[in-house]
Amino acid sequence: MDQAEKLRNVIKLKNQKLPQKARVITVTSGKGGVGKSSVTVNLAIQLQKMNKKVIIFDADLGLANVEVMLGAIPKHNLSDVIYRGMDIRQIITEGPAGVSFISGGSGIVGMNNLSKDQITFLVRNLAQLDEMADIVLVDTGAGIADSVLEFVMACPEVLLVSTPEPSSLTDSYSLLKALHRNPNFAKSGTQIHVVANRVNSVEDGQAVYDKLNTVVSQFLNGNLEYLGMIPQDSMFEKAIRQQQTVSLYAPETKSAKAFEILANNLIEGAHDIPLMKRGFAQLFAEFFNNR
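Summarised in this report is the structure supplied together with it. (Residues numbered from 1 in each chain as written. Predicted model: local features only at pLDDT ≥ 70, side-chain atom pairs only at ≥ 80, totals over all residues. Heavy atoms only, no water.)

**Structural notes on the overall build of the protein chain**
Across its full length, the protein chain holds 13 helices and 8 strands. Within the protein chain, the fraction of its 291 residues that count as buried is 56%. Taking the contacts inside the protein chain whose residues are at least 6 apart along the sequence as the reference set, 80% of them involve residues at least 24 apart. (Helix = DSSP H or I, 4+ residues; strand = E, 2+ residues; numbered from the N terminus. Buried < 20%, exposed > 50% of the residue type's maximum accessible area, 1.4 Å probe, protein only. Contact = heavy atoms within 4.5 Å.)

**Concerning helix α10 (residues 234-241)**
By the N-cap criterion, in which a side-chain oxygen at the helix start approaches the backbone nitrogen of a residue two or three places on, α10 is capped by D233, the distance to M235 being 2.9 Å. Positive backbone phi, at 55 degrees, marks Q243, one or two positions downstream of α10. (Polar contact = N/O pair within 3.5 Å; in protein donor to acceptor, adjacent residues only side chain to side chain.)

**Notes on the sheet that holds strand β3 (residues 93-94)**
Strand order across the open sheet formed by 8 strands is β3-β4-β2-β5-β1-β6-β7-β8, with mixed pairing between neighbours. Strands with a single pairing partner mark the edges of an open sheet, and in this sheet they are β3 and β8 (225-231). Pairing analysis gives 4 bridges linking strand β1 (residues 23-29) to strand β6 (residues 157-162), with the strands arranged parallel. By the bridge assignment for β6, V27 is matched with L159. On the sheet, helix α8 (residues 166-180) packs against β1, β6 and β7 (191-199) and is oriented at approximately 155 degrees with respect to β6. (Pairing = 2+ DSSP bridges. Axes fitted to C-alpha atoms, helices over the stretch in contact; angles between N-to-C directions.)

**Observations regarding the pairing of β6**
Of all the 6 residues making up β6, 6 are buried; the element is thus mostly covered by neighbouring parts of the structure. Side chains of β6 alternate between two faces, with E157, L159 and V161 and V158, L160 and S162 buried alike. With 6 bridges connecting them, β6 and β7 associate as parallel partners. Counted as the bridge partner of E157 is Q191 from β7. In this region the chain leaves β6, passes through α8 and returns to the parallel neighbour β7; the handedness of that crossover is right-handed. (Right-handed = clockwise from strand over helix to strand, strands pointing away.)

**So, the side chain of S162**
Tracing the chain through its elements places S162 in strand β6. Residue S162 is classed as buried on the basis of its relative accessible area of 0%. Here S172 takes part through its side chain, which lies 3.4 Å from a polar atom of the side chain of S162.

**Considering helix α2 (residues 36-49)**
Its 14 residues place the ends of α2 20 Å apart at the C-alpha level, agreeing with the 20 Å of an ideal helix rising 1.5 Å per residue. The element α2 is largely enclosed, with a buried count of 13 among its 14 residues. At the C-terminal side of α2, N51 shows a positive phi close to 65 degrees. (Expected span 1.5 Å × (residues − 1).)

**Notes on the pattern of salt bridges**
Taken as a whole and assessed by the stated rule, the structure comprises 6 salt bridges. The salt bridge involving K36 is made with D60; its shortest N-O contact spans 3.7 Å. Here the residue K36 occupies a position in helix α2, and D60 occupies one in the loop between β2 (54-58) and α3 (65-70), the gap between them amounting to 24 residues. Judged by its relative accessible area of 6%, K36 is buried. (Salt bridge = Lys/Arg side-chain N within 4 Å of Asp/Glu carboxyl O.)

**Considerations on the environment of N197**
Summarising the element assignment, N197 is placed in strand β7. Assessed through its relative accessible area of 0%, N197 is described here as buried. Setting aside anything within four residues of it in sequence, one finds N197 in contact with V34, G35, V39, V161, S162, T163, P164, I230 and F236.

**A short note on the packing of α2 against helix α12 (residues 254-268)**
Running from N to C, α2 and α12 cross one another at 70 degrees; their axes reach a closest spacing of 9 Å. One finds that α2 runs roughly perpendicular with respect to α12. For the pair α2 and α12, the contacting residues are S38, V39, N42, L43, Q46 and L47 in the first and A256, F259, E260, L262, A263, L266 and I267 in the second. Class assignment for the residues of the contact of α2 with α12 results in 9 nonpolar, 3 polar and 1 charged. (Parallel < 35°, antiparallel > 145°, perpendicular 65-115°, else oblique. Nonpolar A, V, L, I, M, F, W, Y, C, P; charged D, E, K, R; others polar.)

Structure, rendered in structure tokens:
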């Protein structure tokens, strides 16, 4: 019995006891610097305002944008669960407005070589998140590294953040191409939303989606969904420089209101997304299966 099969068997038993599962959404981008983590954090705050309990899983190993934006430095990360036997609740860091987050840290790197006991313990802990959260947002790294693609492939729902810049559009398409050409990608069971960030108008946001969806439809035989846009906003940039989230720093600005619309679109469109509530532990089952 291989590692992935062991993990799936453990999760099958856990799922019999935990019928309620969190909605898991992976947030990613084709390149860095397009505001992916800012989208994740602001979206979490807006969803929390809608009485949805949100936990962010920070899977971006190279940066600590989530903790900087939330103004909270984690004392522990996923490796403390795997190698020190800590409970998942002990590594959750509380942020503002009721939003919590978990740092993946070096724990993600070592998940290839876990023993059966470590897998069992990890899954038992991860399954607790399905009781603790309505929505888990997974903030991945940018680009087409294997660690990024594995998280995207494991998740039934993906938010792809892009700007109107040609380089961002090109890199977004590169990520989508790598995804569609991977034999482990379940195209029919995955919903990919496009978020157009730093646009000058509603029309510019729609154009970002139209360009990406056209090439995906023509060359990859796939399709994307448009979630919405975030406008250029001086207060948004000021909030970032202040290491704060615009949804809390300046909640009446255009960008904060746009994040509110994005959150509403996610909730209102939930009934159109099949295979959505597989739970956070199930995400890791798929993660292992893809490796």
